[in-house]
Amino acid sequence: MHGTRPPVTFRFGDAIAAAYRFDPESGACRQTGVDPLPEAGEGWVWLHLKLTDARARHWLARHGALPPAVAQWLLEGPDRVQMQQLDGWLVGAANGLHHDFAFEPDQISRLRFCVGPTLLVTGRRHPLRVVDEIRRSLDAGSAPETALGMLALIAGQLAAEAETTVEKLMDEVDGIEDRVLDDRSTSHTIEDRQALGRIRRRAATLRRHLLPEGTVVAAGLDDLPGWADPAGRAGLAAAAERFRRVARSIDEVIDRTRLMQEELAAQRAEAMNRSLLVMAVLTAIFLPMTLITGIFGMNVAGLPGLEDASAFLWVMLLILAAGVATLALMFWRRMF
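Calculation notes
Residues numbered from 1 in each chain as written. Predicted model: local features only at pLDDT ≥ 70, side-chain atom pairs only at ≥ 80, totals over all residues. Heavy atoms only, no water. Buried < 20%, exposed > 50% of the residue type's maximum accessible area, 1.4 Å probe, protein only. Helix = DSSP H or I, 4+ residues; strand = E, 2+ residues; numbered from the N terminus. Arc of directions from axis to C-beta. Contact = heavy atoms within 4.5 Å. Pairing = 2+ DSSP bridges. Axes fitted to C-alpha atoms, helices over the stretch in contact; angles between N-to-C directions. Core = buried A, V, L, I, M, F, W, Y, C linked by side-chain atoms within 4.5 Å. Patch = residues over 30% accessible without salt bridge, like charges linked within 9 Å, V, L, I, M, F, W, Y side chains within 5 Å. Areas by Shrake-Rupley, 256 points an atom, 1.4 Å probe, with all protein chains shown as cover. Salt bridge = Lys/Arg side-chain N within 4 Å of Asp/Glu carboxyl O. Parallel < 35°, antiparallel > 145°, perpendicular 65-115°, else oblique. Left-handed = near helix turned anticlockwise from the far one by under 90°. Nonpolar A, V, L, I, M, F, W, Y, C, P; charged D, E, K, R; others polar. Phe/Tyr/Trp six-rings, centres within 6.5 Å; stacked < 30°, edge-to-face > 60°.

Asker: Which residues make up helix H3 (residues 129-139), and what values do they have?
Answerer: By the burial criterion, the buried members of H3 are Val 130, Val 131, Ile 134 and Leu 138. Seen along its axis, H3 keeps its buried residues to an arc of 100 degrees; they face one direction. Buried residues belonging to H3 abut strand S1 (16-23), strand S2 (28-31), strand S3 (45-50) and helix H4 (147-180). Within two residues after H3, Gly 141 carries a phi angle of roughly 100 degrees, on the positive side.

And the structure:
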């Protein structure tokens with residue numbers, strides 16, 4: 001797999017975000033340069049390129065290790081989640097979270113990849129969290145034996161970081177749910193309603209970007225190249241199943257937030273109904289009392305009690321009796 005054209009040289013860290021070579025004798029990975037690439041039985045190489053760097057794009061376009069169609073696909077292929085065969089290689093794209101992901105839709109980017117028997121090339125336009133996790137794993141001595149197994153490790157880590165993100169959303173929902181179901185807790189109603197809206201939008205964003213992952217990987221298992229090893233196949237199948245579990249968890253988050261929003265709306269409607277009931281009761285009680293005061297407030301001749309010193313007391317007793325009678329009538333009719 002050595003290139004037939006002069007290799008493009010550049011330093012580690014310039015256009016390469018990660019470069020590792022697997023040694024089958026020691027069973028460990030070490031950081032490496034781009035060239036030379038291993039022959040069959042000599043292990044595999046993983047190159048993670050910064051596709052925004054012109055030198056990385058130049059290497060992809062000119063290096064003989066990659067078939068021209070594969071290199072072209074990696075540079076300008078369709079920008080959607082997929083996995084398929086191309087010239088005997090496995091090519092595809094997956095979604096990854098930015099290194100400083102904060103639940104914004106534009107913080108989910110494509111991780112493009114192509115893999116052959118001894119070479120895995122991945123590329124990104126923004127720093128991705130998954131690369132740091134994989135590098136720590138390789139530095140700690142955990143490495144698969146094949147390039148396809150390395151791709152399965154990356155897919156599994158993508159699923160793991162999505163799972164961790166969903167678990168954080170689930171924890172937020174748990175805290176809100178405890179407050180919502182506590183009838184005595186009403187001080188955070190507005191904050192909880194706003195938080196549920198944010199969580200639901202975040203979950204919907206994750207669902208839109210991560211839901212295709214499991215389906216695409218599972219479908220791609222039926223169309224793997226002939227050189228695909230059983231361990232790599234099993235790793236991809238495990239990653240696909242993990243993505244499906246994440247998708248179910250996201251659906252659960254969305255369902256729970258919707259139920260909590262409905263519960264908050266019901267509690268708010270109940271509180272408003274109670275307030276309206278109190279207003280209605282007070283209005284009904286004061287209606288006859290107001291009528292009496294209105295009658296005795298008329299400035300017309302013949303109004304009784306104008307010359308009686310105790311008339312005010314009798315009017316006040318009449319008003320009080322009217323209020324008590326109205327309240328008793330409402331109790332008797334079970335109006336509240």
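After that view of the structure, there is still more to cover.
Asker: Run through the sheet that holds strand S6 (residues 108-115), naming residues and quoting values.
Answerer: Pairing is mixed across the open sheet formed by seven strands, whose spatial order is S2-S1-S3-S7-S6-S5-S4. Since the sheet does not close on itself, it has two edges, and those belong to S2 and strand S4 (82-86), each with one partner. Each strand axis lies, on average, 20 degrees off the axis of its neighbour in the sheet, ignoring direction. Most of the contacts of H3 go to S1, to which it runs at about 30 degrees, and overall it touches S1, S2, S3 and strand S5 (89-97). In the packing of helix H5 (residues 189-220) onto the sheet, the strands contacted are S4, S5 and S6, and the crossing angle to S5 comes to about 160 degrees.

Asker: Tell me what's going on with the pairing of S3, and back it up with residues and numbers.
Answerer: Counting buried residues in S3 gives six out of six residues, a clear majority hidden from the surface. Because side chains alternate across S3, one face comprises the buried residues Val 45, Leu 47 and Leu 49, and the other comprises Trp 46, His 48 and Lys 50, equally buried. Pairing geometry for S1 and S3, over five bridges, is antiparallel. Bridge pairing in S3 places Ala 18 opposite His 48. Bridging between S3 and strand S7 (residues 119-124) involves six bridges; their strand directions are parallel.

Asker: Could you give me a rundown of the nonpolar core, with the residues and numbers involved?
Answerer: Trp 46, Leu 120, Met 150, Leu 151, Ile 154 and Leu 236 are the most contacted members of the largest nonpolar core, which has 37 residues in total. Put simply, the parts of the chain that give this core at least two residues each are S1, S5, S6, H3, H4, H5 and helix H6 (230-296). In terms of residue count, H4 provides more of this core than any other element does, nine residues in total. Discounting chain neighbours no more than four positions away, the residues touching Leu 151 are Leu 90, Phe 113, Val 115, Leu 120 and Leu 236. Counting residues in each nonpolar core, the second largest holds 25 residues, with Ile 16, Ala 56, Trp 59 and Leu 60 among its members.

Asker: With reference to specific residues and values, describe a nonpolar patch on the surface.
Answerer: Together, Leu 291, Ile 295, Phe 296, Met 298, Val 300 and Leu 318 make up a nonpolar patch on the protein surface, roughly 520 Å² of accessible area in all. Judged by its relative accessible area of 42%, Leu 318 falls in the partly exposed class.

Asker: I'd love a proper account of the packing of H3 against H4, names of residues and values included.
Answerer: Where H3 meets H4, the axes come as close as 10 Å, and the angle between the chain directions of the two elements is 120 degrees. When the axes of H3 and H4 are compared, the pair comes out oblique. Of the two elements, H3 crosses H4, and the hand of that crossing is right-handed. Where H3 approaches H4, its residues Arg 129, Val 130, Glu 133, Ile 134 and Leu 138 are matched on the opposing element by Met 150, Leu 153, Ile 154, Gln 157, Leu 158, Glu 161 and Thr 165. Of the residues contributing to the contact of H3 with H4, the split by class is seven nonpolar, two polar and three charged.

Asker: Give a description of the packing of aromatic side chains that names residues and reports values.
Answerer: Going through the model one piece at a time under the given rule, you end up with two aromatic pairs. Their ring planes at 15 degrees and their centres at 6.1 Å tell us that Tyr 20 and Trp 46 sit as a pair that is stacked. With Tyr 20 in strand S1 and Trp 46 in strand S3, this residue pair connects regions lying 26 residues apart in the sequence. Residues Phe 22 and Trp 44 carry aromatic rings whose centres are separated by 5.6 Å and whose planes lie at 10 degrees to one another, so their mutual orientation is stacked.

So yeah, pure geometry; function would need other evidence.
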